[in-house]
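Each chain is listed here by its residues.
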Amino acid sequence: MKILTRHFDNPKLHELETYRALGGYQGLAKARGMAPQAVQEEVKKSNLRGLGGAGFPVGMKWSTVPPPEKAPERFVVANFDESEPGCFKDRVLGTRAPHQILEGLLIACHAVSARWGFVFIRGEYADQYDILKKAVAEAEAAGLCGDVKVRLMRGAGAYICGLDTALLETMEGKKAWPRQPPPFPTVVGLMGKPTVVNNVETLSMLPHILVNGGQWFADIGAKGDPARRIHPSGGTAVYSVSGDVERPGIYEFAMGTPLRQIIEAAGGVRGGRALKAVIPGGTSTPPLAASEIDVPMDFDSLRGVGSFLGAGGIVVLDETRDMVEVSHNIERFLAHESCGQCTPCREGSEWTTRILERVLEGGGVEPDLANLRRVGENIAGKVICALGDTVGMVVRGYMKKFPEDFAKRLPAKPAEAAR
Amino acid sequence: MTAKRVTFKLNGVTLEAPEGQLVIEAAKAAGVEIPHYCYHPALGNPGNCRLCVVEVAGAPKPMVSCRTQVREGLEVYTDSEPARRAQASSLELHLVNHPLDCPVCDQSGECGLQDYYMKFGRYDSQVREAKEHKRKRLEIGPHVMLDQERCVLCTRCTRFTEKITKTSELGIFGRGHKEFVDLAPGQRLDNAYSGNTVDLCPVGALTDKDFRFKVRVWYLDQTPSICADCSRGCNVSLHTNTKRPWHDEGRRLARVKPRHNPEVNQWWLCDEGRYGFKKFDEDRLGRVMRLIPYRRELAWETALDELASELRRELEALGPEGLAVVASGALSNEDWAAFKAFFVDALGCKRFLFAPQPDQLGIEDDLLRRKEKVPNLEGGKALGFGSAVASLSWERLEADLEAGKIWGLYLIERDAARFWGAKASALLSKPRLVVWQGPWKGRTGELAHFRLPATAHIEEDGHFTNFEGRIQAYQKALEPLGQARPDWSIFEGLRQRLGAAQKAAR
Amino acid sequence: MSHSLSAEQKAELEAWRTYYPYPIMGLLEALRCVQGWFRCVPPEVEPHLAELFSTSVAHVHEVATFFPFLTRKPAGRHRVGICRGLSCAMAGSKDISRCLEKSLGAREGETSPDGRFSWEEMECLGACDHAPALLVDERLKGKATEEAVAKLAENLK
């Protein structure tokens, strides 16, 4: 099932004329014929959940914005700061279908009565910035923006900006130190005004929901199972597949599609090698062992197997990969991107990285594994944002599922050596 | 509007607190210490040190008590096993890259890391990695030294310069584990309140240039006092070094720290008040002296006898019109009472000068500093020594001295000779009697007939009334130097000698 | 080296100040401009930005030192990045790093003596489908091969 990528075979999709000819901007027209409240209801019905990683129901998020009488100025921000290792679907969506993002942004603006719509895009996506800028100019010239002013802003190389409150700090001209909710951005956001931050893939879904109806979208996705605390996830998700696969790229599937099917669509493990592990949602999500890939890809099913859907960045690891190296790569990234605000994360992410570094260099000692576990646990739950929690979760995930990779890099325990 | 009071449980004890009060404050009020670095009541609760974590019943993870509000039925544990473990593990992460250079660190003995380790840590180190290195021994201003390696990045100092002095000299630069506190390019930490950053720093990152390496803090005694350097009356603590007199060049007063008083100075003290204390050990009057007609040291009793009899003689011959008294507002309320009993009630003196010399006014700002550089003009005013009673101005005094209208000039702490400069000898040679009384030698002390050493306020108990009319007590921190005695006892000694006869002269 | 701003440059910064609903929101884009002009954010320019955006120099410097795109030392006229994210590391980005050092005549994070190039190992560039991903002057150039990197110095003027 394809929604966002349905017309990706059309090389001119990024142009306004083509996009409109394929039905573009009909969702916006329909939304504008509805009361904002009605748009929110339709989106609630669709079970659309935030595809940037949080999985929060979009309609519910919007409904927490205070009414315009209470706060006349409000903002919508499209989060195009895709930086999670393993994720690149937003880049492709922005390259191929910038108007789909823009239309979604304008629908969201209407749904929460905002007169300013922003797109925050990572600086390294300079081509996508140009494409989007052109799309905005086209839409403005065609009168599609109405009374909404659209403004783009570029980042300058910080992963943490992808987190909504850090992104808002950055947009306010500050360093990206996450805020500590409450209050949540929908109440006190950009410059203290109610602000909705939605990922660009999430926004891209909106035109289709408006045109085809929320029920249609809900029917496509995963139904959910309240007994197992699995909530419904509407529609599809666009997965970035990379690593040891034959055909890296983006693949769109309905929510709830088994991970195995997505990997097969990408041609399976490269070179006919055996599968060792799969990272399901970007490198911040714990790995799944080869035996676990029949899990349905939706927010809550993955939680059930100790990982996360994240932003759908699937990284395939074949039998030759060493999990100490893999976890070191990820921990080094997290330490580099820790904003430095909370002490446990700032110090703990670096400490974790350096322990792994020493283990990799052959200087590992027996207490290192317990210590890695302990340091991670000591950060978790004690920091402002999720990055710190990730530090321990990642290394624990690899140690738990691939203990032999860690054990072989440490000196044998005296008892074993004597045997 | 006062907040509704609610009941909540702290470590199993039911307590009352205003609804919405931060748990860390409510605990403090109940005498329960929760370790913390970034939180400071004047600087807010950014919640970045993550040390003040506590267990809250029903919460899935530890909560920072600096951002958790008291509400009806809240149940908080600061000393449960999970709370203690959370605090210890946060502390451990603060110490991963700390240089542990306590033996050469001036903060030793009053360091947040040392103290909390002993109270909340006590774990065995698991660190096998080398420490991160950052810059050390940076002179970032006239009073403050920075060691970036010792910094725990609590951002108190940067928030102080941003929010309190609004000078923003400091910032946290870089990112993640590479970040460091430093001056912004082109800046120096030279605002009038820079020393407060040293107090705010919970560790040895910011240390006092003046105090560094002088004496270990555990040798110091602390005495509550009032800063006498302007009319604000900031509450201070005097840190005196009498146990190791061979340290710090023999200085008895090692440093001055602000004492919290929400009504007067909050937590702060200006640099002038903080670093002006060396004067208490410098250029002091030690001996009772008579310089004219010839120079000799006197016992107090002799000096008071001689001075009293000369005052009586001149008063009877020339009347009180020719007696002028110049006093600063450095007198205590006790001094002022004796001053009044002696000069007004006993001598009938009518000519007073209390105004500071025009060059003695300081800078005033909207934080603490006042332009009157003396602590207690108000105490005098309360006894009637306001501007209405001060029948002299500096111009008038000078003119009357030149015209020979003044037979006696009694100067208390106001160093008129220094102000008059080259004219001083000529002017002070006119009266038959010139008395200089105060803690310091001063230029006037060289030209007076009598030189009476008085105690500095740090050497006596007393009260000052600040510019808002607030009466504040200070305590004796040190023994008087040499023969110095309180001003009031000098006035009282003279009054008793002049006899009851003058009492009726009013 | 003089780091004074020309009238045109000042006008461009002013344009960012007024582009968003609140002036301070233009600071990051303004810093990006400065980085583009001087290939770094010179401390001499920070007071101007602080004044323009009604903030302190400390604030400007905090932002300028937080984001890796903004540098203290001048980057090369061409700034090259090789991704070291997991997928790119697995695809051999370390080998490309070694080629870059040889081809551009500079060590990682440093600028070639002639000022033409600097190169950095960067965190995930969002191009794991073209691992190892190469970035030249903020533009993604697809999969980096040893051959392409060897010719990079010639191809960039």
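Every value quoted in this text rests on a predicted model; they were computed, and no experiment measured them.

Here is what the cut-offs are and how they apply
Counting of residues starts from 1 at the beginning of each chain's written sequence and follows it residue by residue. Here every chain gets a letter starting at A, and every ligand a number starting at 1, in the order they are written. Only residues with pLDDT of at least 70 get local features here, since the model is predicted, and only at 80 or more are side-chain atom pairs given and counted; chain-wide, interface and lining totals rely on the full set of residues. Where side-chain values are given, they derive from all heavy atoms of the structure, hydrogens and water being excluded. Here a cavity means grid points, on a 1 Å grid over the protein atoms only, where a 1.4 Å probe fits yet cannot get out; a pocket means an open set of points with protein on both sides within 12 Å along at least five of seven lines; lining residues are those with an atom within 4 Å of a point. Grid points are joined across faces, edges and corners, and a volume is the space filled by probe spheres set on the points. The nonpolar class holds Ala, Val, Leu, Ile, Met, Phe, Trp, Tyr, Cys and Pro. Asp, Glu, Lys and Arg form the charged class, and all remaining residues, Gly among them, are polar. Among buried residues, the Ala, Val, Leu, Ile, Met, Phe, Trp, Tyr and Cys ones that are joined through side-chain atoms within 4.5 Å form a nonpolar core. Residue burial is assigned from relative accessible area. The probe radius is 1.4 Å, only protein chains are included, and a residue is buried under 20% of its type maximum, exposed over 50%, and partly exposed in between. Numbered from the N terminus, helices here are DSSP runs of H or I no shorter than four residues, and strands are runs of E no shorter than two. In this analysis, the expected span of each helix is defined as 1.5 Å times one less than the number of residues it contains. Contact definition: two residues touch when any of their heavy atoms are within 4.5 Å. Two strands pair if DSSP finds at least two bridges between them. Note on geometry: axes are C-alpha line fits, over the in-contact stretch for helices, and angles between N-to-C directions span 0 to 180 degrees. All domain edges in this entry derive from an automatic or database-based domain assignment.

### Remarks on empty space enclosed by the protein
Alright, step 1. Scanning all chains against the criterion turns up nine cavities of 30 Å³ or more.
Alright, step 2. Quantified by volume, the largest cavity comes out at close to 150 Å³.
Alright, step 3. Together, 15 residues line the largest cavity, and E347(A), N97(B), K134(B), E149(B) and C151(B) are the ones closest to its centre.
Alright, step 4. For the lining of the largest cavity, the class distribution of residues is three nonpolar, six polar and six charged.

### Remarks on the nonpolar core
Alright, step 1. Of all hydrophobic cores here, the largest spans 205 residues; its most connected members are W62(A), L49(C) and F67(C).
Alright, step 2. Sort the elements by how many residues they give to this core and helix α6 (residues 98–111) of chain A lands first, with eight residues.
Alright, step 3. Counting 36 residues, the second largest nonpolar core, distinct from the first, contains L304(B), F352(B), I412(B) and A454(B).

### Things to note about helix α14 (residues 487–498) of chain B
Residue and element names in this part refer to chain B.
Alright, step 1. Spanning 12 residues, α14 covers 17 Å between terminal C-alpha atoms, matching the ideal 16 Å at 1.5 Å per step.
Alright, step 2. Taken residue by residue, α14 has D487, S489, I490, F491, G493, L494 and L498 as its buried positions.
Alright, step 3. The inward-facing, buried residues of α14 abut α7 (300–318), α8 (333–346), β18 (408–412), β19 (433–438) and β20 (450–453).
Alright, step 4. Positive phi appears at G499, one or two residues downstream of α14, with a value of about 85°.

### Some thoughts on the sheet that holds strand β3 (residues 133–136) of chain C
Strand pairing in a sheet relies on backbone hydrogen bonds. The paired strands run either parallel or antiparallel.
Residues and elements named next belong to chain C.
Alright, step 1. Within the open sheet, the four strands sit side by side as β2-β1-β3-β4. Their pairing is mixed. Strand pairing shows two members of the sheet lacking a second neighbour, β2 (117–122) and β4 (139–143), which therefore form its edges. When strand polarity is set aside, the average angle formed by the axes of neighbouring strands in this sheet is 25°.
Alright, step 2. Two elements, β3 and β4, share three bridges in a ladder whose sense is antiparallel. By the bridge assignment for β4, V136 is matched with R139.

### Topic: the domain arrangement of chain C
Alright, step 1. Per the domain assignment, the segments of chain C are domain 1 (7–66) and domain 2 (78–155).
Alright, step 2. Using only C-alpha atoms to locate each centre, domain 1 of chain C and domain 2 of chain C end up separated by 28 Å.

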